[in-house]
Amino acid sequence: MYEKLLIKIRKMADSPEWDVREDAAVEIKKINDKFFLEYLPVWKKWVKDPNPNIRRAVEVGLLRVKKEFVPHALDLLDSLMYDNDSYVRKNCGPFVLSHVGYKDPDTTFKRLRKWMKIKNKNVRWNVATCLGAWFGRSYPEESLKLLKILARDKEKFVWRAAASSLIKLIRKHPRLKQEVFSWKNCEQCLNVVKKYIR
């Protein structure tokens, strides 16, 4: 393990410059390409770091994780699913979770179904946004099953995310429109969807 490299990455991850923070995530991706399991104990600590920039660097560093490591990557994302920091949250469900999940959809859908039952609204928001991103659009039928539940969520924060994902899903797969528009008990969500889908 290279302590000097880790110190450098932490410093880069906390830079005021966006491109330097991106370079920190790139360095983590490079490590994960060859030494993911060796560095996993470090990443487990970093995803709980008080500094959101450190948490976000680890998160984005998971983008290229190999299929065999998807369960470990989902474990790392588990604590980030709850994160209140908008910078971390906006990179979780709609971006990193989507890319990681695409590599192993069966494992990811099992985890998403588990996360959907959690009371924390950030967790459910991340699930909803993932289902409108690359992952969800690649597996539309299974994604719809989960979005049908999230569209009825009591939290506006969550059902609005579900609406956004439904819009993206229907635009990619127009054949889904009729089914979605027939759903019951989620009028608020569907009213948003109908503003954008005719």
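The following paragraphs examine the structure supplied in this document. (Residues numbered from 1 in each chain as written. Predicted model: local features only at pLDDT ≥ 70, side-chain atom pairs only at ≥ 80, totals over all residues. Heavy atoms only, no water.)

Attention now goes to the overall build of the chain. Each helix and strand in the chain was counted, giving 12 helices and 0 strands. Ordered by position in the sequence, the α and β elements of the chain form the string α-α-α-α-α-α-α-α-α-α-α-α. Radius of gyration (C-alpha) of the chain: 17 Å, near the 16 Å computed for a compact globule of 198 residues. Counting only residues that meet the buried cut, the chain has 52% of its 198 residues in that class. Per element, the accessible surface of the chain, about 10,200 Å² overall, is 52% carbon and sulfur. (Helix = DSSP H or I, 4+ residues; strand = E, 2+ residues; numbered from the N terminus. Rg over C-alpha atoms; globule rule 2.2 N^0.38 Å. Buried < 20%, exposed > 50% of the residue type's maximum accessible area, 1.4 Å probe, protein only. Areas by Shrake-Rupley, 256 points an atom, 1.4 Å probe, with all protein chains shown as cover.)

With that settled, consider the environment of Glu 3. Position of Glu 3 relative to the elements: it lies in helix 1 (residues 3-13). Exposure remark for Glu 3: the relative accessible area of 51% places this residue in the exposed category.

This part covers unusual backbone geometry. Notably, Asn 185 is not glycine yet its phi reads approximately 65 degrees, a positive angle. If you trace the backbone, Asn 185 turns up in the loop between helix 11 (177-181) and helix 12 (187-196).

Here Leu 166 lies in helix 10 (residues 156-172). Residues Leu 166 and Lys 110 lie 56 residues apart in sequence; the distance between their C-alpha atoms is 20 Å. Once you skip the residues sitting within four places of it in the chain, Leu 166 turns out to touch Leu 144, Leu 147, Val 180, Trp 183, Cys 189 and Val 193. (Contact = heavy atoms within 4.5 Å.)

This paragraph deals with the packing of aromatic side chains. All told, the structure shown has 9 aromatic pairs when counted by the stated rule. With a centroid separation of 5.6 Å and 10 degrees between ring planes, the pair formed by Trp 125 and Phe 157 is classed as stacked. Of this pair, Trp 125 sits in helix 7 (residues 121-130) while Phe 157 sits in helix 10, placing them 32 residues apart in sequence. Note on Phe 135 and Tyr 139: the rings are 5.4 Å apart at their centroids and 55 degrees apart in plane angle, and the pair reads as tilted. Under the relative-accessibility criterion, Phe 135 is labelled buried at 0%. Classification of Tyr 139 by relative accessible area gives partly exposed; the value is 24%. Lying across the ring of Trp 125, Arg 89 places its NZ or CZ 5.3 Å from the centre. Positioned over the ring face of Phe 157 is Lys 121, at 5.4 Å from the centre of the ring. (Phe/Tyr/Trp six-rings, centres within 6.5 Å; stacked < 30°, edge-to-face > 60°. Lys NZ or Arg CZ within 6 Å of the ring centre and 35° of its normal.)

Evaluation of the coordinates by the stated rule reveals 10 salt bridges. Asp 83 is paired through a salt bridge with Arg 55; the nearest N and O atoms lie 2.5 Å apart. One end of the pair, Asp 83, is in the loop between helix 4 (70-80) and helix 5 (86-102); the other, Arg 55, is in helix 3 (residues 52-60), with 28 residues separating them in the sequence. For Asp 83, a relative accessible area of 9% corresponds to the buried category. Note that Glu 142 is salt-bridged to Arg 113, the shortest N-O span being 2.9 Å. Linking Glu 142 in helix 9 (residues 140-150) with Arg 113 in helix 6 (residues 105-116), this pair joins segments that are 29 residues apart in sequence. The partly exposed category is assigned to Arg 113, whose relative accessible area is 33%. Salt bridges linked by common partners bring Arg 113, Glu 142 and Lys 145 together as one network. (Salt bridge = Lys/Arg side-chain N within 4 Å of Asp/Glu carboxyl O.)

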